Amino acid sequence: MENVKMQKFHADEVILKEGAVYGEMYKIVSGSVAVYIRYGEKEEHLIGIYSKPKCFGEANVLSDQPGIYTVVAYDDVLLMRISRDSLEEFIRNNPKNAIDIMQNMVHTNMLMQKNINLLLDDIYEKQDTNKKRTQELKNKIEKYRMGGFYL
């Protein structure tokens, strides 16, 4: 496969960066990688640590969309780089990896949905608190208007 090549990364090296567009994915040959959302930020979240024979970056190779996570070498890692042009041949020669790619996508999708639900819960909780405060203020204003004169 002409578009498949091996790449080595050392511990703590960024392999894929969240928000960047890549036309490749990787299969771990040896070593491990850490997968993060918001890497290096206050809200950094570790999705998981992947080891041989896991694949990652599948969303990059299947779309022209920005990456949804950052991948960092956990230790020295040897990766097989699969470009968009060589994906079909890679899957044909490694059919078991198609299942791994789909499982990774489902895992990432479910994790993102959980994060969205947590965020929505926070938003709704804040809205409820604001609604209660607004109603309390309205009640106090109404009492004042009606002659209660105490806020």
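Criteria and cut-off values
Residues take numbers from 1 onward in each chain, read along the sequence in its written order. Local features in a predicted model are, by the rule used here, given only for residues with pLDDT of at least 70; side-chain atom pairs are given and counted only at 80 or more, and totals for whole chains, interfaces and linings are based on all residues. Side-chain numbers come from the whole structure's heavy atoms, not from hydrogens or water. Any two strands with at least two DSSP bridges between them are considered paired. Elements are defined by DSSP. Helices are runs of H or I of four residues or more, strands are runs of E of two residues or more, and each kind is numbered from the N terminus. Working convention: axes come from line fits to C-alpha atoms, limited for helices to the stretch in contact. Angles between N-to-C directions cover 0 to 180 degrees. Note on ring pairs: Phe, Tyr and Trp rings are taken, using the six-membered ring of Trp, and paired if centres are within 6.5 Å. Classes follow the plane angle, with under 30 degrees stacked, over 60 edge-to-face and the rest tilted. Each residue's exposure class comes from its accessible area (1.4 Å probe, protein chains only) as a fraction of the maximum for that residue type: buried when under 20%, exposed when over 50%, partly exposed otherwise. Between Lys or Arg on one side and Asp or Glu on the other, a salt bridge is scored when a side-chain nitrogen of the former is within 4 Å of a carboxyl oxygen of the latter.

(A) Quick look at the sheet that holds strand β5 (residues 45-51). One open sheet accounts for four strands, arranged β2-β7-β4-β5; its pairing is antiparallel. Two strands in the sheet have a free side with no partner beyond their single neighbour: β2 (14-16) and β5. Adjacent strand axes in the sheet meet at a mean angle of 30°, parallel and antiparallel pairs treated alike.

(B) The arrangement of the packing of aromatic side chains in detail. Under the defined criterion, the tally for this structure stands at three aromatic pairs. Centroid distance phenylalanine 9 to tyrosine 26: 6.5 Å. Interplanar angle 85°. Geometry classified as edge-to-face. Of this pair, phenylalanine 9 sits in strand β1 (residues 4-9) while tyrosine 26 sits in strand β3 (residues 24-30), placing them 17 residues apart in sequence. For the pair phenylalanine 9 and tyrosine 26, one class covers both residues: buried. Relative to tyrosine 39, the ring of tyrosine 36 has its centre 4.9 Å away and its plane inclined at 50°; by these criteria the two rings are tilted. Here tyrosine 36 falls in the buried class, since its relative accessible area comes to 17%. Taking relative accessible area as the criterion, tyrosine 39 reaches 30% and is therefore assigned partly exposed.

(C) Examining the pattern of salt bridges more closely. Taken as a whole and assessed by the stated rule, the structure comprises four salt bridges. Notably, a salt bridge pairs aspartate 100 with lysine 54, separated by 3.5 Å at the nearest N-O pair. Residue aspartate 100 is located in helix α3 (residues 95-145), and its partner lysine 54 is located in the loop between β5 and β6 (55-56); the two are separated by 46 residues in the primary sequence. Since its relative accessible area comes to 27%, lysine 54 is described here as partly exposed.

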